[in-house]
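Chain by chain, the residues:
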Amino acid sequence: MASDHYARIYKVVRRIPRGRVASYGQIAELAGIPRHARQVGYALHHLSGDSDVPWQRVLNAAGEIAKRAYPEDARWQRDLLEEEGVEFDVRGRVLRKYFWKPRGRRRQPD
DNA sequence: AAACTGACTAATA
DNA sequence: CTATTAGCCAGTT
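Q: Looking at this structure, I do not really get the overall build of chain A. What am I missing?
A: Counting its secondary structure elements, chain A contains four helices and two strands. Each helix and strand of chain A, ordered N terminal to C terminal, gives the series α-β-α-α-β-α. Against the 2.2 N^0.38 benchmark of 13 Å for 110 residues, chain A shows a C-alpha radius of gyration of 13 Å, consistent with a compact globule. Each principal axis of the C-alpha atoms in chain A carries an extent, and together these give about 40 × 35 × 25 Å. Looking at the 110 residues of chain A, the share that counts as buried comes to 36%. Put simply, of all contacts in chain A between residues at least 6 apart along the chain, 61% involve residues at least 24 apart.

Right, dumping it as C-alpha cells:
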C-alpha cells in the first residue's frame, strides 16, 4: 500500500512542465529513490483518473507510452499529451525535444 | 514465508 | 536498428 515513496514520486511528477515528458527511471532518480522505476509506474497506476498529478507525462526510457493492461488507457494518455503539444513519430515515440531536462532547461521545443 | 507480478532499465547479442 | 536477458523492488497472493 501507499508508502512514503509515493508522495515523493507524485511530487516530482507534478514538477514536469506542461508539454514535456520524463521517464520512470528519471522520476525515481529525482525522487531520491534510484532504481525504483517500477515503483513509479506502480504508484501512477493507483492514480490514473482522479488527481492533480500529470501522470500522462511519464513514459518509459525509450520515449514510448508504457505497455499497459488496457490499451485504451494508452490511447487516452497519448491524446492528453498531444493536447498539450507533444508530438510522436511514426513509431509511437515522443520526439526528443519534448524530453524534460530538469534545471538544465536550455531551449523550448521549437 | 516463498512465489508471482508489473505503467521499468541497462546491458548484450 | 530490434530482440533477448538479467536485474530490479515494493505490493500481492
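Q: Would you take a moment to explain the protein's contact with DNA strand B for this structure?
A: Taken together, 17 residues surround DNA strand B, and among them Tyr24, Arg38, Ala61, Lys67 and Arg68 come closest. Looking at DNA strand B alone, sugar and phosphate atoms form 41% of those within 4 Å of the protein. Contact between DNA strand B and Tyr24: a base nitrogen at 2.8 Å from a side-chain N or O atom of the residue. Backbone polar atom of Leu44 to a base nitrogen of DNA strand B: 3.4 Å apart, as the coordinates give it. The set of elements that each furnish at least two residues to the surface near DNA strand B consists of helix H2 (24–30) and helix H3 (37–45). Counting residues per element, the surface near DNA strand B draws most heavily on H3, at six residues.

Q: What exactly am I supposed to notice about the side chain of Arg57 here?
A: Examined against the element boundaries, Arg57 turns out to sit in the loop between H3 and strand E2 (58–59). At a separation of 2.8 Å, a polar atom in the side chain of Arg57 contacts the side chain of Glu84.

Q: Quick question: what am I supposed to make of the nonpolar core here?
A: The biggest cluster of nonpolar side chains holds 21 residues, and the ones touching the most others in it are Val13, Ile27 and Leu44. Counting only elements with at least two residues in this core, the list comes to helix H1 (4–13), H2 and H3. When residues of this core are assigned to their parent elements, the largest contribution, five residues, is made by H1. If near-sequence neighbours (up to four positions away) are discounted, Val13 is found in contact with Ile27, Leu44, Val53, Pro54, Trp55 and Val58.

Definitions and cut-offs
- Residues numbered from 1 in each chain as written.
- Chains lettered and ligands numbered in written order.
- Predicted model: local features only at pLDDT ≥ 70, side-chain atom pairs only at ≥ 80, totals over all residues.
- Heavy atoms only, no water.
- Helix = DSSP H or I, 4+ residues; strand = E, 2+ residues; numbered from the N terminus.
- Rg over C-alpha atoms; globule rule 2.2 N^0.38 Å.
- Buried < 20%, exposed > 50% of the residue type's maximum accessible area, 1.4 Å probe, protein only.
- Contact = heavy atoms within 4.5 Å.
- Near = heavy atom within 4 Å.
- Polar contact = N/O pair within 3.5 Å; in protein donor to acceptor, adjacent residues only side chain to side chain.
- Core = buried A, V, L, I, M, F, W, Y, C linked by side-chain atoms within 4.5 Å.

By themselves, these figures tell us nothing about what the structure is for.
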